[in-house]
Every structure is written in structure tokens, then in C-alpha cells.
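The primary structure of each chain is shown beneath.
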Amino acid sequence: MTTTRLFRNARLATMDPARNGLGIVEKGAVAAEDGRIAYAGPEADLPSSLAVTASEIIDCEGRWITPGLIDCHTHIVHAGNRAHEFELRLNGATYEEIARAGGGILSTVNATRAASEAELVASALPRLDALIAEGVTTIEVKSGYGLDRENEAKMLRAAARLAAERDVSIVRTCLGAHALPPEFAGDKDAYIEDVCRNQLPFVAKEHLADAVDGFCERIAFSPEQIARVFDAARAHGLPVKLHAEQLSNLGGAALAARYGALSADHLEYLDETGVAAMSKSGTVAVLLPGAFYFLKETQKPPVALLRRAGVPIAIATDCNPGSSPLTSLLLTLNMACTLFALTPDETLLGVTRNAAKALGLQREIGTLEAGKRCDLAIWEIDRPAELAYRIGFNPLWRRVRNGQWQSR
Ligand code: DI6
Ligand code: FE
């Protein structure tokens, strides 16, 4: 039997590209049928068949409904934390110096290798809960702290378990090419060979990831090395994305675009050539103001160029223990406005429609349109800009997943 649930007397920010801006509908309604949106639009135009069959009618009393929020770039599965490095940096050490001295990512690698899958799940859950409490319904989770076949697989399995522990969708990305593990010290090419020949074939065979990512940076891997990883990903039918132009400009975004990447992420040092390449390939620019803030960077991503070229912009927490220990997507919206001068509307599209595209899920989630999964966030606000305006306040009223009411 089909169950129809009707959310009425609401204001909708549909994010529907066929409408202007946020696709706002005053006096709107959303009908969910078997977990999917059967209707989203003016309540006056609601098909009477849906109104009649509804098994439950929820009066939203004028509250705002947005699509469930999407955090499209996180590293929430990891062990330990790096508060000590935070102290070192406040005493003058730089992120790159700490990484070169064997700290940084590698200290998280040691902790993550030593943790069991169950321990990784248990330590990720409080971070996941913080995101969920703010209306997040889909989260991307990267590996990248295992750096060998067994430990990368352990991280990706832990990520999948999160979706069994909580009502949330998890999208998994294999980030084997994140850092050089100690057993390959001095030989990045040999490690890249391990990623391509050993890690990715296994991850693909076991269906452990939905995409492949890399870190293209002088402290990580060169464009040539990343190209080898992308070739291997392509051979296994996996789409790619890339940490690019975060600390310097190596042309990573243009490389990613040549491989039809879903997204290029960070992008502080992106130049005009990179923007043009992304625009041509339809690659989403994922901006991560949490890492920019936490590392006290000064070079800002070229937002004006991205806008002019029509590159879709997404926003994410980058939640990770080293450069962005951030578990609030709402605070991320505020940071994107204050630090990168995005408009509140741009940030809201960046955690809904454009974040869905960054995950290749634009047909499934990210807007309030008939046929999509009925993942909603319902807010106690008077206008959408409030979601980006407040600092450290959570106006979520209710979350809806697959058409089902969730407790906060
Ligand atoms: N860029 C980042 O900001 C994170 N990874 C990456 O490639 C940092 C990860 C860490 O420091 O643990
Ligand atoms: Fe990252």
C-alpha cells in the first residue's frame, strides 16, 4: 500500500532550476509517496488525489522547507584528533612544516590504522550526529587515512556502517592518493602504483566506493601522479574528483576537468585557465571555507571568475582532524558569506542542488521536485538567509528522510 504524507502550509525553497533563485513558493506543499516527492509546489495546485489519499497531514504553520542539506566533502571517519598541532601552529609552526616533520595527515594515519572498524564507526558517530542535527540528510565520506588496501577498505566499510546506524545517506569516496605512507617514504611513484594496482581494483571489486579522489599538492601528489590514479579509476568505471589548488596552483582543477571530474575542491589558487576548463566539463567548484579559516589562509578562491563562467559552486565542511575540525554545515554557510563573499542564496544552493551535482546525484536529491527522494529540512525561520546569517544557532524544526519524520 502506498503511504502518502502531506506537508502543507509551508514556504518552500525548492532550488528548482526551472524557477528563479531559490525557487521560492509561498503557501506551498510537499507530498511524499513511498519515500519520493510526488508533488512540490503551490498548495492551491496540489492534485486532489494526493490530498485525498494522504495518510498523514502535517501543518508546517508557515515554516520553511528546503531540501535536506548535503555535506559533499568530509573526512568524518578517522581516529584521534590533532589538537596538539593546533597548539603548535599557534606557536608559529605552519601546516606544511608539521606535515613535512611527519605529523599532520600521517599522525591521523597511524591512529586510524590502529583503530578497528567498530572504533572508527563509534568515533565518527558524534560528528555525524552534529551534522544530522542541522538538517543534513546526505554526507560524502572519504577514506585517505588508511593508505593501504586493508586500511582504506576498513575506512570505507566503517563509512557504510554509518548509514546503518543513523537515518542518513552516505556517499563514499576512495582517497588513497591523500598522503605518502611511511613504508613508501621517498618513493611517491611506487605508492601511486600501489593505489592503482592494489587499492582501486579491490575497492571497485568490493563496491566500497562511489568515486575516487586525490590530493594534488606539493606536499602530496603531482598532476602526473594524479593522472595515473584517474586512469585507474576510469578503467574501473569510477568517477573522479580532486583536492586541487588549495595551497598552490599546480593545474589540478584543469587536470580533473580533463577527466570529466564531478568536482574540484578547495580552489583558493585556481586561475582563469582552471575556471575555463571546469566550466567546459561541468565540474562543480566545492569551496571549503572551514579549512581556509582554520589554516588562516589569505588567498581566496576566485568566486567572481567562477560566477562569470557559470561554474556551479558547492560548499562543504571538509570535516577532518587537521585542517577543518568543523561539524556544522550552517556555520560553513556563514563562513562562505563572510570569508568568500558568497551570497546567502549561493551558499544555500551550494549545500543542496550544487552539492548533489558534486556527488553525481543531481537526479536523485538536492531540489524539491517530483520524483526525487523526499529528504527535507524544515526550519523555524522567516527567510532563508537566516540559515547563513546566524553563528552557532540551529533553527531546524524537523528533518524528513525518505518521506519519514525524524526526531531531531
Ligand atoms: N586537504 C585538506 O584540507 C585535508 N586533506 C586534504 O587533502 C587535510 C587532511 C588532514 O590534515 O588531516
Ligand atoms: Fe578534504
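Preceding block: the structure.
These figures come from a predicted structure and were not determined experimentally. (Residues numbered from 1 in each chain as written. Chains lettered and ligands numbered in written order. Predicted model: local features only at pLDDT ≥ 70, side-chain atom pairs only at ≥ 80, totals over all residues. Heavy atoms only, no water.)

### Considerations on the overall build of the chain
Here's step 1: Of regular secondary structure, the chain possesses 16 helices and 16 strands.
Here's step 2: By the compact-globule yardstick of 22 Å for 408 residues, the chain fits well, its C-alpha radius of gyration being 21 Å.
Here's step 3: Once the C-alpha set of the chain is aligned to its principal axes, its extents read approximately 70 × 45 × 40 Å.
Here's step 4: When each of the 408 residues of the chain is scored for burial, the buried share is 59%.
Here's step 5: Here the chain displays about 15,600 Å² of accessible surface, and carbon together with sulfur accounts for 50% of that area.
Here's step 6: Averaging the coordinates of the 43 positive side-chain charges in the chain and doing the same for the 50 negative ones gives two points 2 Å apart. (Helix = DSSP H or I, 4+ residues; strand = E, 2+ residues; numbered from the N terminus. Rg over C-alpha atoms; globule rule 2.2 N^0.38 Å. Buried < 20%, exposed > 50% of the residue type's maximum accessible area, 1.4 Å probe, protein only. Areas by Shrake-Rupley, 256 points an atom, 1.4 Å probe, with all protein chains shown as cover. Lys, Arg positive; Asp, Glu negative; His and termini not counted. Charge placed at Lys NZ, Arg CZ, Asp CG, Glu CD.)

### Considerations on the packing of aromatic side chains
Here's step 1: The full count for this structure, using the stated rule, is seven aromatic pairs.
Here's step 2: Here the aromatic rings of Phe86 and Phe294 are separated by 5.1 Å at their centres, their planes lie at 15 degrees, and the arrangement is stacked. Residue Phe86 is found in helix α2 (residues 83-90), and its partner Phe294 is found in helix α11 (residues 289-294); the two are separated by 208 residues along the sequence.
Here's step 3: Taken together, a centroid distance of 6.1 Å and an interplanar angle of 25 degrees make the contact between Tyr191 and Phe221 stacked. Residue Tyr191 is found in helix α7 (residues 188-205), and its partner Phe221 is found in the loop between β9 (211-216) and α8 (223-235); the two are separated by 30 residues along the sequence. (Phe/Tyr/Trp six-rings, centres within 6.5 Å; stacked < 30°, edge-to-face > 60°.)

### A short note on the pairing of strand β3 (residues 36-42)
Here's step 1: With six bridges connecting them, strand β2 (residues 24-33) and β3 associate as antiparallel partners. Considered in β3, the bridge of Ala29 is made with Gly41.
Here's step 2: Where β2 hands over to β3, the hairpin turn is made up of two residues, of which Asp34 adopts a positive phi near 50 degrees. (Pairing = 2+ DSSP bridges.)

### Considering the coordination of the iron ion (ligand 2)
Here's step 1: For the iron ion (ligand 2), the protein coordination sphere consists of His73 (NE2), His75 (NE2), His243 (NE2) and Asp318 (OD), at 2.1 to 2.3 Å.
Here's step 2: Relative to the metal, the four donor atoms surrounding the iron ion (ligand 2) lie at angles of 80 to 164 degrees, and the coordination shape comes out irregular.
Here's step 3: Read in sequence order, the donor residues coordinating the iron ion (ligand 2) give the pattern H-x1-H-x167-H-x74-D. Highlighted residues: His73 in the loop between β6 (69-71) and α2 and Asp318 in the loop between β13 (313-315) and α13 (329-340), separated in sequence by 245 residues. (Donors = N, O, S within 2.8 Å, 3.2 Å for Na, K, Ca; no water. Tetrahedral: all angles 85-135°; square planar, octahedral: opposite > 155°, others 65-115°.)

### Notes on the site of ligand 1
Here's step 1: Among the 13 residues in the neighbourhood of ligand 1, the closest are listed as Arg82, Tyr95, Tyr145, His178 and Ser323.
Here's step 2: Here Gln246 contributes a side-chain N or O atom positioned 3.1 Å from a nitrogen atom of ligand 1.
Here's step 3: Contact between ligand 1 and Ser323: an oxygen atom at 2.6 Å from a side-chain N or O atom of the residue.
Here's step 4: Here ligand 1 has 320 Å² of accessible area as a free molecule, and 100% of this is covered by the chains.
Here's step 5: For ligand 1, the cavity whose grid points lie within 2 Å of the majority of its atoms is the largest cavity.
Here's step 6: Partitioning the shell around ligand 1 into residue classes produces four nonpolar, seven polar and two charged. (Near = heavy atom within 4 Å. Polar contact = N/O pair within 3.5 Å; in protein donor to acceptor, adjacent residues only side chain to side chain. 1 Å grid on protein atoms, 1.4 Å probe; cavity = no way out; pocket = protein on both sides within 12 Å on 5 of 7 lines; lining within 4 Å. Sits in = over half its atoms within 2 Å of the grid points. Nonpolar A, V, L, I, M, F, W, Y, C, P; charged D, E, K, R; others polar.)

### Observations concerning empty space enclosed by the protein
Here's step 1: Using the criterion set out here, one finds four cavities of 30 Å³ or more in the structure.
Here's step 2: Here the largest cavity defines a volume of roughly 100 Å³.
Here's step 3: Classifying every residue of the lining of the largest cavity gives four nonpolar, nine polar and two charged.
Here's step 4: If you add up the space inside the second largest cavity, you get close to 60 Å³.
Here's step 5: Contributing to the lining of the second largest cavity are Arg82, Glu85, Phe86, Arg89, Tyr95, Ile98, Phe294, Pro321 and Gly322.
Here's step 6: Put simply, the parts of the chain that give the lining of the second largest cavity at least two residues each are α2 and α3 (95-100).
Here's step 7: The element contributing the most residues to the lining of the second largest cavity is α2, with three residues.
Here's step 8: Classifying every residue of the lining of the second largest cavity by side-chain character gives five nonpolar, one polar and three charged. (Points joined across faces, edges and corners; volume = space filled by probe spheres on them.)

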